[in-house]
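Results of the structural survey
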Amino acid sequence: MSRLYAGGLGRKSGQAPGTLIHVGEKHASKVTLAIMDYTASDLRELESLTLAEALTFQASKAVTWLNVTGLSDTSTVGTLCSHFGVHTLAQEDVLHTAQRPKVDIYDDHVFMVVKMIRYDEKSRELDIEQVSLVLGDGFVITFQEKEGDVFDPVRQRIRSGKGAVRTQGADYLAYALMDAVVDNYFLALEEMGEDIEEIEAAVLEHPDNDVVSSIHHLKRELILLRRAVWPLREGFGTLMRDATALVKPGTVPFLKDLYDHTFQVMDTVETFRELVSGLLDVYISTVSNRMNQVMKVLTIISTIFIPLTFIAGIYGMNFRHMPELAFPWAYPAVLALCLLIALGMILGFRRKGWF
Amino acid sequence: MSRLYAGGLGRKSGQAPGTLIHVGEKHASKVTLAIMDYTASDLRELESLTLAEALTFQASKAVTWLNVTGLSDTSTVGTLCSHFGVHTLAQEDVLHTAQRPKVDIYDDHVFMVVKMIRYDEKSRELDIEQVSLVLGDGFVITFQEKEGDVFDPVRQRIRSGKGAVRTQGADYLAYALMDAVVDNYFLALEEMGEDIEEIEAAVLEHPDNDVVSSIHHLKRELILLRRAVWPLREGFGTLMRDATALVKPGTVPFLKDLYDHTFQVMDTVETFRELVSGLLDVYISTVSNRMNQVMKVLTIISTIFIPLTFIAGIYGMNFRHMPELAFPWAYPAVLALCLLIALGMILGFRRKGWF
Amino acid sequence: MSRLYAGGLGRKSGQAPGTLIHVGEKHASKVTLAIMDYTASDLRELESLTLAEALTFQASKAVTWLNVTGLSDTSTVGTLCSHFGVHTLAQEDVLHTAQRPKVDIYDDHVFMVVKMIRYDEKSRELDIEQVSLVLGDGFVITFQEKEGDVFDPVRQRIRSGKGAVRTQGADYLAYALMDAVVDNYFLALEEMGEDIEEIEAAVLEHPDNDVVSSIHHLKRELILLRRAVWPLREGFGTLMRDATALVKPGTVPFLKDLYDHTFQVMDTVETFRELVSGLLDVYISTVSNRMNQVMKVLTIISTIFIPLTFIAGIYGMNFRHMPELAFPWAYPAVLALCLLIALGMILGFRRKGWF
Amino acid sequence: MSRLYAGGLGRKSGQAPGTLIHVGEKHASKVTLAIMDYTASDLRELESLTLAEALTFQASKAVTWLNVTGLSDTSTVGTLCSHFGVHTLAQEDVLHTAQRPKVDIYDDHVFMVVKMIRYDEKSRELDIEQVSLVLGDGFVITFQEKEGDVFDPVRQRIRSGKGAVRTQGADYLAYALMDAVVDNYFLALEEMGEDIEEIEAAVLEHPDNDVVSSIHHLKRELILLRRAVWPLREGFGTLMRDATALVKPGTVPFLKDLYDHTFQVMDTVETFRELVSGLLDVYISTVSNRMNQVMKVLTIISTIFIPLTFIAGIYGMNFRHMPELAFPWAYPAVLALCLLIALGMILGFRRKGWF
Amino acid sequence: MSRLYAGGLGRKSGQAPGTLIHVGEKHASKVTLAIMDYTASDLRELESLTLAEALTFQASKAVTWLNVTGLSDTSTVGTLCSHFGVHTLAQEDVLHTAQRPKVDIYDDHVFMVVKMIRYDEKSRELDIEQVSLVLGDGFVITFQEKEGDVFDPVRQRIRSGKGAVRTQGADYLAYALMDAVVDNYFLALEEMGEDIEEIEAAVLEHPDNDVVSSIHHLKRELILLRRAVWPLREGFGTLMRDATALVKPGTVPFLKDLYDHTFQVMDTVETFRELVSGLLDVYISTVSNRMNQVMKVLTIISTIFIPLTFIAGIYGMNFRHMPELAFPWAYPAVLALCLLIALGMILGFRRKGWF
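Residues numbered from 1 in each chain as written. Chains lettered and ligands numbered in written order. Predicted model: local features only at pLDDT ≥ 70, side-chain atom pairs only at ≥ 80, totals over all residues.

**Examining the sheet that holds strand β5 (residues 110-120) of chain B**
Residue and element names in this part refer to chain B. Ordered by their spatial adjacency, seven strands build an open sheet running β2-β1-β3-β7-β6-β5-β4, and the pairing between neighbours is mixed. Both outer strands of the open sheet, β2 (43-46) and β4 (102-105), are each paired with one neighbouring strand and no more. Direction aside, the axes of adjacent strands within the sheet are offset by 15 degrees on average. (Pairing = 2+ DSSP bridges. Helix = DSSP H or I, 4+ residues; strand = E, 2+ residues; numbered from the N terminus. Axes fitted to C-alpha atoms, helices over the stretch in contact; angles between N-to-C directions.)

**Comments concerning the interface of chain A and chain E**
Every contact between the two is made by 51 residues of chain A and, on the other side, 59 residues of chain E. Of all the secondary-structure elements, those providing two or more residues to the side of chain A that touches chain E are α6 (209-242), α7 (252-314) and α8 (330-351) of chain A. No other element matches the 19 residues that α7(A) contributes to the side of chain A that touches chain E. (Contact = placed C-beta atoms within 7 Å.)

**Considerations on the confidence of the model for chain A**
Residue and element names in this part refer to chain A. Looking at chain A, pLDDT values average 88 and 93% of them are 70 or higher. Within chain A, the element-level pLDDT minimum falls on helix α3 (residues 88-95), averaging 89, and the maximum on strand β7 (residues 139-144), averaging 95. Confidence over residues 6-11 falls short of pLDDT 50; this stretch has 20 contacts with residues more than four positions distant or in other chains. For this predicted complex, the interface score ipTM comes out at 0.79, while the overall pTM is 0.84. (pLDDT = per-residue confidence, 0-100.)

**Observations concerning the packing of helix α7 (residues 252-314) of chain C against helix α7 (residues 252-314) of chain D**
At their nearest, the axes of α7(C) and α7(D) sit 8 Å apart, and the two run at 20 degrees to each other. Considering their axes alone, α7(C) and α7(D) lie roughly parallel with respect to each other. You can see that α7(C) and α7(D) cross each other, and the crossing is left-handed. Per-class residue counts for the contact of α7(C) with α7(D) are 22 nonpolar, 13 polar and three charged. (Parallel < 35°, antiparallel > 145°, perpendicular 65-115°, else oblique. Left-handed = near helix turned anticlockwise from the far one by under 90°. Nonpolar A, V, L, I, M, F, W, Y, C, P; charged D, E, K, R; others polar.)

**Some details on the relation of the copies chain A and chain E**
Of the two same-sequence chains, chain A is brought onto chain E (RMSD 0.1 Å, axial shift 0.1 Å) by a rotation of 72 degrees. Taken together, the rotation and translation describe the operation of a five-fold axis. By C-alpha distance to the rotation axis, the residue of chain A lying nearest is A:Gly316, at 4.5 Å. (Least-squares fit on C-alpha atoms with pLDDT ≥ 70 in both.)

**Notes on the environment of B:His216**
Mapped onto the elements, B:His216 comes out in helix α6 (residues 209-242). Each C-alpha atom of the pair B:His216 and B:Leu280 lies 8.6 Å from the other, and the pair is 64 residues apart in sequence. Here B:His216 is in contact with A:Gly278 and A:Val282, once residues within four sequence places are set aside.

Now the structure itself:
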């Protein structure tokens, strides 16, 4: 459940704003710094460098992408951020990994928070990891909590020089990284879509209680996904309109495209939500219908045999004076009467359309 | 289900923006180019021409409509687009046929994505095909995935010279094509409306589980239709306001009319959605009511005969000392008692209004 | 069902915009032209005049109201409209009587589409007829499909000279006609309100399946009514703001009043919709409750008598060695036991609050 | 039900706008005029004065509050309004007491319509009365339908000179009167809140059908209340922004406060609506749960005894060749078998968690 | 329930605006005044001072924070407020502790109302207390109803000089106090989130009626929480935009951060509301499903044994002429028949998928 609320923000209550405390799941991994520093012609890539080395890149005239993995060592993060001129409030937000996605525009840098999402097909749960991104003049810094990300295709493009990324500035790099994050949402949606399809079939064909649980579960994941995506639209809008100092006009159509993709993710999430909500109604309808079937069977059988049993009971009584008992044709007559009653009932039910 | 999510966008994750990959269902058909090049007085129409021939029309001073069917050969599409000056992001969107409908305005051309819709009455499913349209200075290029479209009436009008299309520019042609697409939505709605009418009757008269499935199905198709139409309103609004360089003032009232039609489609879709949603509630109400009827029958029969069977059981006991058994009037008395009890019960149920 | 969708628009697919085809129900009546031409002092009224006569009034300096009934003769309508300078798109909309209500402002005339509504108390259905109105400089043309309208009070006021209508211009006349249409909505609402009251009583007192059908029916009529009224608000807003050339400042407060009335109709429609939606929930609650009552009766009777019948069955067995059968007090003892069990059960149900 | 729709507006259909006809419930009371004419130092108060006397106050330089009770004499109202320069459309609205609350700003006066509300605790119905208020230069005229209002505290403050009312102008007086109306909404809400609390307890503890009726009833009253309050927010907003000629800057913070109160009423109404809507779901859940309990009892008893009765029936058969009947231990064995079966069933139900 | 409506506002109806009456729960505690008066270098802290002493601080050039606990002594509050120049409407709102949260901007001070929230885990109820805050030039006054608040961390930071608070002005202090209030909301949300988790498990595993009550309860608390938080967003927005005289530019990013936190609280509240609403549907689904199970057991047992009992009843009849009774193989034949019927039924139910 801790995934549901803005967990951890409560725990830091009372700290002065700007105090650097890592609030989030503690992952053992220590801070790892990796750098890609490139121009159209050159590329320097370092997988793991010290803080001191990292700081020297601030002076680099090339486009610098500094990727920070692991947030447990707050002093490293603090030193780095301060050196690159990141606002203290942004520093705080880097470390509080339960932030709402957002784009904050400061005087000489832009701070963005997005959620990197993977859908775990087994547990059918979203794995949500916060990625913070600082776009400054000539540099991008990304902060992740855990090893493993969705940026490998971007790294690949930087290395190979394919696409426009090497010839563009830091703003395009920031765009490319955000785009990689948003593209990954479609993968999660695709898998969720398949789950919906399965549940849909189950609801109509064999509606048991596991289906209810699955529907509820999927609904919750969709709420989480929406919460991760919804604020991005406003954020990217802000980025296009207000970050004119850092975002070159040539990058704006790409941001517009990204904005459209976010819209499309939202659209799909809303569609899924409507479908999944509808499924519970379908479930209730189907169960009602099945109960109606069960009731009809019970009613038909009971209604036919209960009166017959009464008749048999009558002639099972031990009164001495029951003249019928002696009539030779009485037994077959009673059997015939029972048959008649049963047939009459069956006809009656037919007419009511019960079977 | 793949029709539900923005399928395919996930699959291209990691590609540089602007990379041309056809994402969508692969249709065997190769790329076919057809052209209509006309002024008020002249018309050149070519059904199938080579890429090289097509490129020559870029210099044509007449209004040129180039229709491209089949998107599997991405290099042809790319060459064509580049030659006509289409932005790389637009080129990418032409090939990704799971785009959200939209209108993007570039410096010297407008790029539109719409969905061509047919309602298959047998499967009761919408057949949705993406049509991309580029409106440039003096030319319109349309891209379709599959053979067969809704543009024949427009072709007819161009050939016959009826209506205003031959005397107007490329902007009017773009309008006429969009109008043909939107007009077709009404046909789909008309057929869906008839389906709703059928389901409505079924819900009230013989509510079985197939009805639930039909309602759910129709609901899903309406969600898909809405998703195809909803973004158009914003798109056409943008077109009227912002595309002033390419859209002549005389065409604006026609675009306004198109905008109104889109509104009317939306209105009808929303009406249908409300009706279909309401039908599930009606279904549940009807089933509840029927179950109530069934329960009443069961209860009436059981309540009357179970006590009577008990009485018969009493006198079926084999105790030696049961003085009543010897009384000559005992048997008729018990029968009369049973009759009385049954009549009393029936009166009681009458008073409760059970039948 | 054809009343639900924008019927007919589909049928004209493929026609050039501006093509005049009457799409709607074909009413046998041919086109009838009636005119009222008045100043503060003079009034010329002609009930039925030829097209040629009608065209002469275009030159009239008085306020001219030309009422056209019957739309089957498209050429008459076309000639008339062209003579009075009505835009081709407006001409097309006059004839397509499934338009969404709207106000289109052209250079020298305003084109309005509204729905004239009557509530048929027997079938409980709305009778919706399209009225188109063209307001030009010094003239108003109204187009109706069928005989019979809601304009008689306006005609009466023009004839008698009561009220401001004779001393005002064509804009005030247009206002007065629209006002007559909107005033009539209140009559329909009044009658629908009485129906809701009836259904409300039925739901709480004798909820049968007809009630479900009535609720669904009323819901649909309210959706239709809303669709007829909702767009008017925007339309009248446009009229006040943008039609400054044709609407005199003195008429604006009257339009504002009309706008407020439209709002009030909407308000009432929404209130009705909420009430009617709520009624289905109330119905389901009431039916659930009744089913609960039925179940309790069944359970009480069954639970009391089924064990007793078993006891009677025990002593109806034919084992040779059942010593109790010989005891003289056994029969009364078993009867007493049965009574005790029954009383115990009844007490138990009492404690559970079942009756 | 007549309280639900904008009753009466329909009845005047066809009248010229501005025609003065009293549409509303006819209350026997004739028109009563009362006046308070005051400056900071002087106060003239007249309880019942003639129309002629009332008209003389138009020239008064003090702040004049003219309260008109009873609207049946339309000519008096008309003369009065015309003398004070009230617009004809406003005059019409005074008499049509089914108006939507609103604030209309004319050149030299403001016309307001509000609803005075009392909650009748016995019938649990809102008593809604229209109050119209004209704010002119130095005067306020209020129109009420019936005797009895919520203005006594304001009269008290004028008489005693307590508070700011005597030293402020007519705009402050209008504010004070509106404030008295809005303050009274809180009383109604307080009583409705107590009713909700009662129903809430009833739903969870003894959910019978009266509860459904109460919920539905309360829901309807809340819809009515919302309809009376909702338009006020826009109205008071207009008053603050646009009535600059008549509203002094010093009065604006008070209007802002009034605006906030209206917001708070709306907030509470919405909260109540959500709670009351939720109660029906809780009701259905509770009834479902109870039905489940009833079903379990029935099933447990039936499932245990029906097979036992069958066994007893077997040995009640009269076949000549049933060797078991002669065994001395057969009877106790059958009894033991019955006990075993019963115990097995009970254990089975336990394991299913049925009791 | 009194927590639901804007309690108390009704009770003061009729008072002149600005009249100081304490409306709220009366807490015995008398008014306690505490002060912190600080610059970057100095700090004077007084725990309990007289009104006269407090007033002297108005002249202090340092940042003065005056905390007032207990509102029963209205004259003290009135004197204090007037001395510090607080507007009479604000004074009134301080004492009416059922205010909607808001930010009112006056000429030389800002008045804010917020709700301090604690979630009582035992009663699962929110404890909501109003805190009013006046931000003036160089001073902040806070008003609380009861002892105990969430400001201790701020006091700690002022005393220790940690963080920026000592070096900033009164606007930053006001921010820090609001921030402490909003941070506390996360604690409440965290605890509510855990409750939701518990209820979620209960609904799916053992859905009894207590769960319905818990869901309803939680829903109500969430409505209350939303009502406390929702208006803050608009309030803080106003503060950033319009309070330029009192809020220094350097404080704006902090307010933006606070605004974002409020957004995040709202987001979480909405998520919780959706989840909790969904839980009732899940509950109904689960109960329906269980009822279906119960019905199946009943129907299987009844349907198998009722016909068998009838057969046994037949051969329990006492007719003299029942030839079968004499056949030696009749008894085993009947037993075999019963077995066959039972097996047939069981197979039939299997095929229907009933177990």
